[in-house]
Amino acid sequence: AMESGVAKKDIEDWGAYEVELLQRIGIDQRLMSRIITQAKQEPKRVVFAEADNLKILKAAQIISDEGIAFPILLGNAEKIKELLIENALVIKDFLIVDPFEEKEKRSLYGNLLHNKRKRKGITAEIGRKLMRNRNYYGAMMVETGEADAFISGLTQEYGETIKPALQVIGVEEGIKRVAGMYILSNRKGVYFFSDTTVNMDPTAEELVDIIGVTARGVKFFNFEPRIAMLSYSNFGSNEGAVPTKVALATRLAKEKYPDLIIDGDIQANVAVDTALQEEMYPFSALAKDGANTFIFPALTSGNIAYKLLQEIGGMEAIGPLLMGMAKPVHILQLGSSVREIVNMVAIAVVDAQSQNSKINL
Ligand code: ACO
């Protein structure tokens, strides 16, 4: 990323970055500039759980200036204002909400959570107490329609951040498992990785669910998914629990989604090597064009693979995009850059715009 003139980590001059996005040949940049343009056409209200953080405030300034979204900043108003002044940040248009000051709202939201989860041990009192936690409060703002999308996770562990969202907003109707996708790209192309963040050790049936949300997620970005069910084996060449599980998931997925291009169990290199497949596995559904979408057998491999490709392989990474939630919720990777946060917000806005269409995240 450095060689193209845009620093990989923080970026101060968003305008210059956007001009550069348009000029650069990378397909991922074309992808992001399309998303940013679409977000600007109908900006949405995005609530940030961690607004007492400088990177979030820098991102909020950019999204407000650029008309990508209207930021709702959760946190202590004094602290947020101090940070803005200290860093000479001027955000054009925004709202600060401090859950600690919102006793009535906390009580209302707490009761709503109690109603949803009264048989899961959430009494009204516990519900009200939980609303002091900005992950619960922010998710509830989206649930009740006071915001259109929720962004958190910059400073907290992923699991801790997603749990409140799962409890407050939950899974979209008709979908069983939510899953996290990363988009990785370089000159070779754009690749979609799933599940990189949520399901630790999915069963074959759960892998089929993950394929469903992932295929839709790939279409959301205007790509046609060609799905490889990754393993350390090719079509039963090696023994073990993973090849067996992945082969079963592939068979079930082919039955459930007859229109999808999907095959496996397959090794990662073989999945993208069309010549090798033509020679050795000409029956493979991926032999003609190769895979652009990778479904991993478990969280470990997906999570490690994308991080290696991003850090050592130098691929551009967008994500993790949470797919299958009832409303737009996206959880940042711990320590994301300002640019990654802005990209995530733009995607969340387009996701919010698409809520009533069939293709959303
Ligand atoms: N899809 C849909 N619903 C789910 C899912 C899922 N994948 N996982 C949990 N839920 C549901 C649960 O069934 C539960 O519903 P219910 O209480 O209404 O019955 C609700 O969400 C809340 O679940 P909890 O029981 O509180 O949470 P759980 O113990 O199931 O944990 C979690 C869910 C936090 C996602 C867990 O699976 C996890 O920690 N995953 C790994 C996260 C992680 O460490 N990722 C790697 C790092 S991320 C990165 O690198 C960017």
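Residues numbered from 1 in each chain as written. Predicted model: local features only at pLDDT ≥ 70, side-chain atom pairs only at ≥ 80, totals over all residues. Heavy atoms only, no water.

Can you explain the sheet that holds strand S10 (residues 316–323)? Please cite residues and give values.
Here we have six strands laid out as an open sheet, ordered S8-S7-S9-S6-S5-S10, and mixed in their pairing. Each edge of the open sheet carries a strand with a single partner, namely strand S8 (261–266) and S10. Adjacent strand axes in the sheet meet at a mean angle of 20°, parallel and antiparallel pairs treated alike. Note: strand S7 (residues 226–230) against strand S9 (residues 293–295), three bridges, orientation parallel. (Pairing = 2+ DSSP bridges. Helix = DSSP H or I, 4+ residues; strand = E, 2+ residues; numbered from the N terminus. Axes fitted to C-alpha atoms, helices over the stretch in contact; angles between N-to-C directions.)

Which residues make up the nonpolar core, and what are the values?
Phe48, Ile68, Ile211, Phe221, Met229, Val345 and Ile347 are the most contacted members of the largest nonpolar core, which totals 66 residues. Sort the elements by how many residues they give to this core and helix H14 (residues 338–353) lands first, with ten residues. Excluding its chain neighbours within four sequence positions, the residues that come into contact with Met229 are Leu207, Ile211, Val246, Ala249, Thr250, Ile262, Asp263, Gly264, Asp265, Ile266 and Ile295. (Core = buried A, V, L, I, M, F, W, Y, C linked by side-chain atoms within 4.5 Å. Buried < 20%, exposed > 50% of the residue type's maximum accessible area, 1.4 Å probe, protein only. Contact = heavy atoms within 4.5 Å.)

How would you summarise the site of the ligand if you had to cite specific residues and measurements?
Lining the immediate environment of the ligand, one finds 20 residues, of which Arg117, Lys120, Val178, Thr197 and Asn199 sit closest. A distance of 2.8 Å is found between a nitrogen atom of the ligand and a backbone nitrogen or oxygen belonging to Val178. Within the backbone of Val198, an N or O atom sits 2.9 Å from a nitrogen atom of the ligand. Compared with its free state, where it exposes 1,000 Å², the ligand has 69% of that area covered by protein. Counting residues per element, the ones that place at least two in the shell around the ligand are helix H8 (158–168) and helix H13 (299–311). Residue classes in the shell around the ligand are distributed as nine nonpolar, five polar and six charged. (Near = heavy atom within 4 Å. Polar contact = N/O pair within 3.5 Å; in protein donor to acceptor, adjacent residues only side chain to side chain. Areas by Shrake-Rupley, 256 points an atom, 1.4 Å probe, with all protein chains shown as cover. Nonpolar A, V, L, I, M, F, W, Y, C, P; charged D, E, K, R; others polar.)

Tell me what's going on with unusual backbone geometry, and back it up with residues and numbers.
Following Ser194, the chain continues to Asp195 via a peptide bond in cis, the omega torsion being -15°. Within the element layout of this structure, Asp195 appears in the loop between strand S6 (189–194) and helix H9 (204–220). The omega torsion of the bond from Gly319 to Pro320 falls at -5°, within 30 degrees of zero and hence cis. Secondary-structure assignment places Pro320 in strand S10.

Mind laying out the packing of aromatic side chains, listing which residues take part and the relevant values?
A complete count under the given rule lists eleven aromatic pairs for this structure. Taken together, a centroid distance of 6.5 Å and an interplanar angle of 35° make the contact between Phe192 and Phe221 tilted. In this pair, Phe192 sits in strand S6 while Phe221 sits in the loop between H9 and S7, placing the two residues 29 residues apart along the sequence. Taken together, Tyr191, Phe193, Phe294 and Phe296 form an aromatic cluster joined through their ring pairs. (Phe/Tyr/Trp six-rings, centres within 6.5 Å; stacked < 30°, edge-to-face > 60°.)

I'd like a rundown of the sheet that holds strand S2 (residues 69–74), residues and numbers included.
Pairing in this open sheet of five strands is parallel, and the strands run S3-S2-S1-S4-S11 from one edge to the other. Sheet topology places strand S3 (95–97) and strand S11 (329–331) at the edges, where each strand pairs with a single neighbour. Strand-to-strand, the axes of this sheet are offset by a mean angle of 25°, without reference to chain direction. With three bridges joining them, strand S4 (residues 149–152) and S11 adopt parallel strand pairing. Across the sheet, the residue bridging to Ser152 is Ile331, located in S11. Strand contacts of helix H7 (residues 134–143): strand S1 (44–48), S2, S3 and S4, with the helix running at about 160° to S4, the strand carrying the most contacts.

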